[in-house]
Amino acid sequence: MLKFTSDHEWILVENDSATVGITQYAQEQLGDVVFVDLPKSGASFEAGAAAVVVESVKAASDVYSPITGEIVDVNQEVADNPSLVNSDPMGKGWLFKMKIADQSQLDKLMDEQAYRALIAGAPHA
Amino acid sequence: MTAAPTDTPLKRTPLHGLHVELDARMVPFAGYAMPVQYANGILKEHLHVRVAAGLFDVSHMGQFEIRSRSKRGDDAARELESVVPMDILGLASGRQRYALLTNEQGGVRDDLMIARLGDRLLIVANAGCKDADEIYLREMLSKHCEIDRLDDWALLALQGPLAEVVLTALVPDVRSMRFMDVRAVKLLGADCIVSRSGYTGEDGFEISVPAAIAEAVARSLLKHPQAEMIGLGARDSLRLEAGLCLYGSDLDPDTTPVEAALEWSIQACRRSGGGRAGGFPGAKTILDQLVHGAPRRRVGLRPEGRAPVRHGARLFRDRSSSDEIGIVTSGGFGPSINAPVAMGYVMASIAASGAPIYAELRGERVAMQQSKLPFVASNYKR
């Protein structure tokens, strides 16, 4: 199950585990990513809390945890090669995996169709 | 510089249509809609300027022409020396220099380029300061000078090691110009002014053209396969690597030229013991600091690791002490050195010691080495 937030994160749900990254739209808006500050495995975040900082040449941007849960893995490849966030935001550019604390939070997130409608109405780069 | 309030319509430069055509991302800057980047993005644009030629629209900047009512160029130069601590009388026709408008406290109202061309003095000022500069210059100089604000002129910057090749395709004459030379030239049949200068650390030119032909000149320059439009995002990372100050961040009314490590811009004749010592706003403070130093000083900083340390980060002596020793005024990622770079102000004793400095970043301390400026060697045609 693939879900999206209005802050342009994607979340791929497999059983009680969720993989999180930023969308194609978000990476276009950010521009060239030069640094990614990932959380530590074992850290817990509430839904909506800033979990990752993504830095472009121009500015630092927060990536928010879409749901409440514990970080179980982070993408070390992205820390070593931040441009993966630009080149493959929904694949090799994933940011972290978390253990889902409350499945019901997923119901509040957008499906792909709703997210596409959201960015269709947003200003483009 | 701050963005205009959202209820104020943004002004457009004469190249607005070209920016939109080239898929620029337009942002508010000093009351103008300006291109922060084009389709290539800041990183590629930055690197392109370091190896080829980049064309920047900087038409938002203020351009002024000052002439003496007496028609003698020296009289205008003498008048201008009452508002800047620079040698303007000694500036030869066809030459340009960096200058500072100072205030009574010795702080900086604006930083400028001042060129002399015959009996005219030509000034380029920051976009965010140009309205205040105009009022101030009229107040200070109108008795003896005529001041024109050249709002119907555009300003293009062509920067990079291939800038000469690109511009000589239109004006062969500019090849013989050296860094900080200024010349009146014909571009597409119109009278224009070219200076060999810029804000990137690279060789290059700033080209002042009548607004009506600005787009045609830009398109002619862009016909060269090595010339690309470059946005303000890369302009900022280029000037930071070049160790150049950004007004409003690294310079402001509370910062003196000595604190800003800009002593080199104040010629000996305006200093204590010089033939025309003082006679500019804030002279007492600035002349004293030129001899005895200032309490704080601008330094270059290289953060350890990969994380950019940006404007506003607080600086400390070590990993744990709570006493602030300064602040970062410009910081970001330097694409050419592939690492974060910053400039900031620290207590003079710490600047002199060259000791490592620690910045606070998201609740942690990042070690930074003090660094000589510029971070990237300049490539001017001396």
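A. Spotlight on the domain arrangement of chain B. Residues and elements named next belong to chain B. Taken domain by domain, chain B holds domain 1 (16–61 + 152–241) and domain 2 (295–382). Salt-bridge contacts for lysine 381 lead to glutamate 164; the nearest nitrogen and oxygen are separated by 3.5 Å. Here domain 1 is connected to domain 2 by twelve residue pairs in polar contact (both at pLDDT 80 or more). At the level of secondary structure, the elements contributing two or more residues to the side of domain 1 that touches domain 2 comprise helix H2 (42–51) and helix H7 (232–241).

B. Helix H3 (residues 73–80) of chain B, seen in detail. All names here are of chain B. Within H3, six of the eight residues are buried, leaving the element largely enclosed by the surrounding structure. When H3 is considered as a whole, its buried residues turn out to be Gly73, Asp75, Ala76, Ala77, Glu79 and Leu80. In this fold, the buried residues of H3 make contact with strand S4 (62–68), strand S6 (108–117), strand S7 (120–125), helix H4 (130–141) and strand S8 (145–149).

C. The layout of surface pockets, seen in detail. Quantified by volume, the second largest pocket comes out at close to 360 Å³. In this structure, the second largest pocket is lined by 17 residues; those nearest its centre are Asp37(A), Leu38(A), Lys40(A), Arg362(B) and Glu364(B). Breaking the lining of the second largest pocket down by element, the ones donating at least two residues are strand S4 (33–37) and strand S6 (50–56) of chain A together with strand S19 (364–371) of chain B. The element that contributes the greatest number of residues to the lining of the second largest pocket is S6(A), accounting for four residues.

D. A look at the sheet that holds S19(B). All names here are of chain B. The six strands lie next to each other as S14-S17-S16-S15-S18-S19, forming a closed barrel whose pairing is antiparallel. The average angle at which neighbouring strand axes cross in this sheet is 45°, direction not considered. Note that strand S14 (residues 296–303) and S19 share four bridges and pair antiparallel. By the bridge assignment, leucine 301 is partnered in S19 with glutamine 370. Here H7 sits on the sheet in contact with strand S16 (324–334) and strand S17 (339–347), set at roughly 125° to S16.

E. Structural detail: the environment of Pro356(B). Residue and element names in this part refer to chain B. Here proline 356 lies in the loop between helix H9 (348–353) and strand S18 (357–361). Of the residues examined, proline 356 reaches a relative accessible area of 35% and is grouped as partly exposed. For the pair proline 356 and glycine 128, spaced 228 residues apart in sequence, the C-alpha to C-alpha distance is 34 Å. Setting aside its immediate chain neighbours within four residues, proline 356 contacts Arg317, Met368 and Gln369.

F. Highlighting unusual backbone geometry. Here the residue pair Leu373(B) and Pro374(B) is connected by a cis peptide bond, since its omega of 0° sits within 30 degrees of zero. Among the structural elements, Pro374(B) can be located in the segment after S19. Of note, His8(A) is a non-glycine position whose phi angle comes to about 75°, a positive value. When you line up the elements, His8(A) lands in the loop between strand S1 (2–4) and strand S2 (9–14). Among the residues examined, His8(A) registers a relative accessible area of 16% and is labelled buried. Of note, Lys71(B) is a non-glycine position whose phi angle comes to about 70°, a positive value. Secondary-structure assignment places Lys71(B) in the loop between S4 and H3. Using a relative accessible area of 58% as the deciding quantity, one classes Lys71(B) as exposed.

G. Structural detail: the confidence of the model for chain B. Here chain B averages 96 in pLDDT, and 98% of its residues register 70 or above. For this predicted complex, the interface confidence comes out at an ipTM of 0.89, alongside a pTM of 0.95.

H. Layout of the packing of aromatic side chains. Enumeration according to the criterion identifies three aromatic pairs over all chains in this entry. Geometrically, the ring pair formed by Phe4(A) and Tyr115(A) is stacked, given 4.7 Å between the ring centres and 5° between the ring planes. Taken as a pair, Phe4(A) in strand S1 and Tyr115(A) in helix H4 (residues 112–120) lie far apart in primary sequence, 111 residues in all. No difference in accessibility class separates Phe4(A) from Tyr115(A), as the two residues are buried. Between Phe179(B) and Tyr380(B) the ring centres are 4.0 Å apart and the planes differ by 10°, which places this aromatic pair in the stacked class. Of this pair, Phe179(B) sits in the loop between helix H5 (163–168) and strand S10 (182–187) while Tyr380(B) sits in the segment after S19, and the two are 201 residues apart along the sequence.

I. Summary view of helix H8 (residues 283–292) of chain B. Residue and element names in this part refer to chain B. Among the residues of H8, those classed as buried are Ala283, Ile286, Leu287, Gln289 and Leu290. Within H8, the buried residues cover an arc of 160° as seen down the axis, which keeps them to one side. Set apart from the buried face of H8 by more than 90 degrees, the exposed residues are Lys284, Val291 and His292. Once H8 ends, the next one or two residues include glycine 293, with phi positive near 85°.

J. Just the pairing of S6(A), in detail. Residue and element names in this part refer to chain A. Here S6 lies mainly inside the structure; six of its seven residues are buried. Taken together, the four bridges between S4 and S6 define a ladder with antiparallel strand orientation. For aspartate 37, the partnering residue across the bridge sits in S6 and is valine 53. The sheet contact formed by S6 and strand S7 (residues 60–64) spans five bridges and is antiparallel. Within S7, the residue paired with valine 53 across the bridge is aspartate 62. Once S6 ends, the chain turns through three residues before running back antiparallel as S7.

K. Inspection of the interface of chain B and chain A at higher detail. The interface of chain B with chain A comprises 15 residues on the first partner and 14 residues on the second. Roughly 1300 Å² is buried in total at the junction of chain B and chain A, and carbon and sulfur atoms are behind 53% of that figure. For the chain B face of the interface with chain A, the top three residues by lost area are Arg25(B), Arg310(B) and Arg362(B), together amounting to 44%. Across the chain B-chain A interface, the total number found is three salt bridges. If you look at where chain B meets chain A, you find eleven residue pairs in polar contact (both at pLDDT 80 or more). Secondary-structure elements contributing two or more residues to the side of chain B that touches chain A are H2 and H7 of chain B.

What counts, and where the lines are drawn
Residues numbered from 1 in each chain as written. Chains lettered and ligands numbered in written order. Predicted model: local features only at pLDDT ≥ 70, side-chain atom pairs only at ≥ 80, totals over all residues. Heavy atoms only, no water. Domains from an automatic or database assignment. Salt bridge = Lys/Arg side-chain N within 4 Å of Asp/Glu carboxyl O. Polar contact = N/O pair within 3.5 Å; in protein donor to acceptor, adjacent residues only side chain to side chain. Helix = DSSP H or I, 4+ residues; strand = E, 2+ residues; numbered from the N terminus. Buried < 20%, exposed > 50% of the residue type's maximum accessible area, 1.4 Å probe, protein only. Contact = heavy atoms within 4.5 Å. 1 Å grid on protein atoms, 1.4 Å probe; cavity = no way out; pocket = protein on both sides within 12 Å on 5 of 7 lines; lining within 4 Å. Points joined across faces, edges and corners; volume = space filled by probe spheres on them. Pairing = 2+ DSSP bridges. Axes fitted to C-alpha atoms, helices over the stretch in contact; angles between N-to-C directions. pLDDT = per-residue confidence, 0-100. Phe/Tyr/Trp six-rings, centres within 6.5 Å; stacked < 30°, edge-to-face > 60°. Arc of directions from axis to C-beta. Buried area = accessible area lost by both parts, 1.4 Å probe.

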